[in-house]
Amino acid sequence: MPTFEVVTPRERYPAVVERGALARIPQHLPPGAGKVFIVSNKDVWRHQGARIEACLPLAERIFLPGGEGQKRLAPLEAAAEEMVRRGADRSSVVVAFGGGIVNDMAGFLASMFMRGIPVLQVPTTLLAQVDAAVGGKTGVNLASGKNLIGAFHQPLAVLIDPAMLETLPEREYRAGLYEVIKCGVIRSPQLFHLLTEQAEQVLAREDAAVDAIVAESVRIKAEVVSADERESGLRKILNFGHTVGHALEAETAYTRFLHGEAVAFGMKAATHLARLAGTLEESAADRILRTIDLYGPIPPLDGIRAGALIPRLASDKKTIQGAVHFVLPTAVGAVKVASGIGAELVREAIEAALA
Ligand SMILES: NC(=O)c1ccc[n+]([C@@H]2O[C@H](COP(=O)([O-])OP(=O)(O)OC[C@H]3O[C@@H](n4cnc5c(N)ncnc54)[C@H](O)[C@@H]3O)[C@@H](O)[C@H]2O)c1
Ligand SMILES: [Zn+2]
């Protein structure tokens, strides 16, 4: 059973990748734990609820609304009221069971409820397994932007069962694969190699291939978060493809592309930028671009112009005091963070990605 330790200045917890990992939930509850609240959504429950119910037959269930538009503070207030009505107190524990939206919302709920109760993260989408559930970032959207209120609230443990992915819609699965490609490009030539050589098995969701890509991505996320919980340094590399990706999501009002699909586009732009800025050899750039395309296509980019995306880069949440940061590959498996890149080069890179 691959288990990866996340070690932050205040916490230490395991991220377990294992078929059947849900059966381990009871052993990760704190001694003397009170009521357990499974926080999920109806869609996840329909597909996978029976599996978690079998492990936690006595737990209470709280359902949050689904969709990015409902990832707001109001449903959390309602959920907290519901928890109180059902007898929650400071000994209660939240089990976040769902995709990244549920992980972020239930984690934030746990961070606020009676000033903070423990949460166990049980992610059910590929994106949540390899990214959202590990690292302690929780939060919701404001009308003014994504994830603008939240808290760091590290879980007791992250229990990752790759079998959850069997019921995931094809498009959601592929969107998560782009974040896996990201992990390969930023830190793991071996993962990147697996993605290029075994694309067929990965896309067919063969157990061995899925287990391998999830485990290696979780290993990387755990390592990066342990080195830099609050994103003052190394954690920034996880933003590869996200600078332009976020601009594309905002430009299309978060409706046309799934997050991972926008990141795929952003990774292509960043790879072109690295090539143009001279940090990456042409042959390595080609390999990265071809691998992204292996898992495509993403929805058509009709009507998107570089000139519309560029002004959005400056308003990205990751932009501090006007300096736009780009994570640029220097080889397959290595990146550097660069700022102060000329506007003309950025335009050229985005145009190359649009072409
Ligand atoms: N906290 C972090 O570090 C972090 C990192 C990356 C992304 N995120 C957040 O994650 C969110 C996106 O997460 P997501 O892509 O998982 O989307 P999501 O949570 O909306 O899940 C996608 C869809 O899949 C369904 N689903 C979930 N599990 C399923 C299963 N096993 N079988 C069938 N259907 C299933 C969901 O109901 C939903 O309709 C965004 O809000 C983003 O901000 C957070
Ligand atoms: Zn992402």
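Predicted model only: the values in this text are computed from it and were never measured.

J.: Could you give an account of the pairing of strand S11 (residues 334–339), with specific residues and numbers?
T.: Pairing geometry for strand S10 (residues 325–331) and S11, over 6 bridges, is antiparallel. By the bridge assignment, Val327 is partnered in S11 with Val337. Once S10 ends, the chain turns through 2 residues before running back antiparallel as S11, passing Gly333 with a positive phi of about 105°.

J.: Before we move on, can you summarise the coordination of the zinc ion (ligand 2) with the specific residues and values?
T.: Bound to the zinc ion (ligand 2) on the protein side are Glu179 (OE), His242 (NE2) and His259 (NE2), at distances that span 2.0 to 2.1 Å. Between consecutive donor residues of the zinc ion (ligand 2), the sequence gaps follow E-x62-H-x16-H. Taken together, the positions of Glu179 in helix H6 (residues 170–187) and His242 in helix H10 (residues 242–251) put the pair 63 residues apart, joining distant regions of the chain. For Glu179, a relative accessible area of 1% corresponds to the buried category.

J.: Can you lay out helix H14 (residues 343–354) for me, pointing to particular residues and giving the numbers?
T.: Spanning 12 residues, H14 covers 16 Å between terminal C-alpha atoms, matching the ideal 16 Å at 1.5 Å per step. Of the surrounding elements, those touching the buried residues of H14 are H10, helix H11 (259–277), helix H13 (306–313) and S10.

J.: Would you mind going over the domain arrangement of the protein chain in detail, with residue names and values included?
T.: What the domain assignment lists for the protein chain is domain 1 (3–167) and domain 2 (170–354). Just the C-alpha atoms count here: the centres of domain 1 and domain 2 sit 26 Å apart. Each side of the interface is counted separately: domain 1 has 27 residues, and domain 2 has 28 residues. Counting each side, the surface lost to burial between domain 1 and domain 2 is near 2500 Å², with a carbon and sulfur contribution of 63%. Applying the counting criterion to the domain 1 and domain 2 interface returns 6 salt bridges. The salt bridge involving Asp131 is made with Lys182; its shortest N-O contact spans 3.7 Å. Seen at the junction of domain 1 and domain 2, the total is 9 residue pairs in polar contact (both at pLDDT 80 or more). Sorting the residues of the side of domain 1 that touches domain 2 by element identifies strand S1 (3–7), strand S2 (12–17), helix H5 (126–132) and strand S8 (145–152) as the ones contributing at least two each. Considering every element that reaches the side of domain 1 that touches domain 2, the biggest residue donor is H5, with 5 residues. Across the side of domain 1 that touches domain 2, the residue classes tally to 15 nonpolar, 5 polar and 7 charged.

J.: Describe empty space enclosed by the protein, naming the residues involved and giving the relevant values.
T.: Throughout the structure, instances matching the rule amount to 4 cavities of 30 Å³ or more. Estimated volume of the largest cavity: approximately 50 Å³. Along its surface, the largest cavity is lined by Asn103, Gln121, Ala132, Ala133, Gly136, Lys137, Thr138, His153 and Pro155. Tallied by class, residues from the lining of the largest cavity come to 3 nonpolar, 5 polar and 1 charged.

J.: Tell me about the side chain of Ser92, and name the residues and values.
T.: If you trace the backbone, Ser92 turns up in the loop between helix H3 (73–85) and strand S5 (93–98). The exposure class of Ser92 is buried, given its relative accessible area of 0%. A distance of 2.9 Å separates a polar side-chain atom of Ser92 from the backbone nitrogen of Asp89. Setting aside chain neighbours within four positions, we find Ser92 in contact with Gly34, Lys35, Phe37, Ile117 and Pro118.

J.: If you had to explain the site of ligand 1 to someone new, which residues and values would you point to?
T.: The immediate surroundings of ligand 1 are formed by 25 residues, with Asp43, Gly100, Thr124, Thr125 and Thr167 found nearest. A distance of 2.8 Å separates an oxygen atom of ligand 1 from a polar atom in the side chain of Lys71. Interatomic distance of 3.2 Å between a side-chain N/O atom of Asn147 and an oxygen atom of ligand 1. Contact with the protein chains removes 86% of the 860 Å² of surface that ligand 1 exposes when unbound. Broken down by secondary-structure element, the contributors of at least two residues to the shell around ligand 1 are helix H2 (42–55), helix H4 (100–112), H5 and S8. Of all the elements, H2 adds the most residues to the shell around ligand 1, at 4 residues. Taken together, the residues of the shell around ligand 1 break down into 7 nonpolar, 9 polar and 9 charged.

Procedures and definitions
Residues numbered from 1 in each chain as written. Chains lettered and ligands numbered in written order. Predicted model: local features only at pLDDT ≥ 70, side-chain atom pairs only at ≥ 80, totals over all residues. Heavy atoms only, no water. Pairing = 2+ DSSP bridges. Helix = DSSP H or I, 4+ residues; strand = E, 2+ residues; numbered from the N terminus. Donors = N, O, S within 2.8 Å, 3.2 Å for Na, K, Ca; no water. Buried < 20%, exposed > 50% of the residue type's maximum accessible area, 1.4 Å probe, protein only. Expected span 1.5 Å × (residues − 1). Contact = heavy atoms within 4.5 Å. Domains from an automatic or database assignment. Buried area = accessible area lost by both parts, 1.4 Å probe. Salt bridge = Lys/Arg side-chain N within 4 Å of Asp/Glu carboxyl O. Polar contact = N/O pair within 3.5 Å; in protein donor to acceptor, adjacent residues only side chain to side chain. Nonpolar A, V, L, I, M, F, W, Y, C, P; charged D, E, K, R; others polar. 1 Å grid on protein atoms, 1.4 Å probe; cavity = no way out; pocket = protein on both sides within 12 Å on 5 of 7 lines; lining within 4 Å. Points joined across faces, edges and corners; volume = space filled by probe spheres on them. Near = heavy atom within 4 Å. Areas by Shrake-Rupley, 256 points an atom, 1.4 Å probe, with all protein chains shown as cover.

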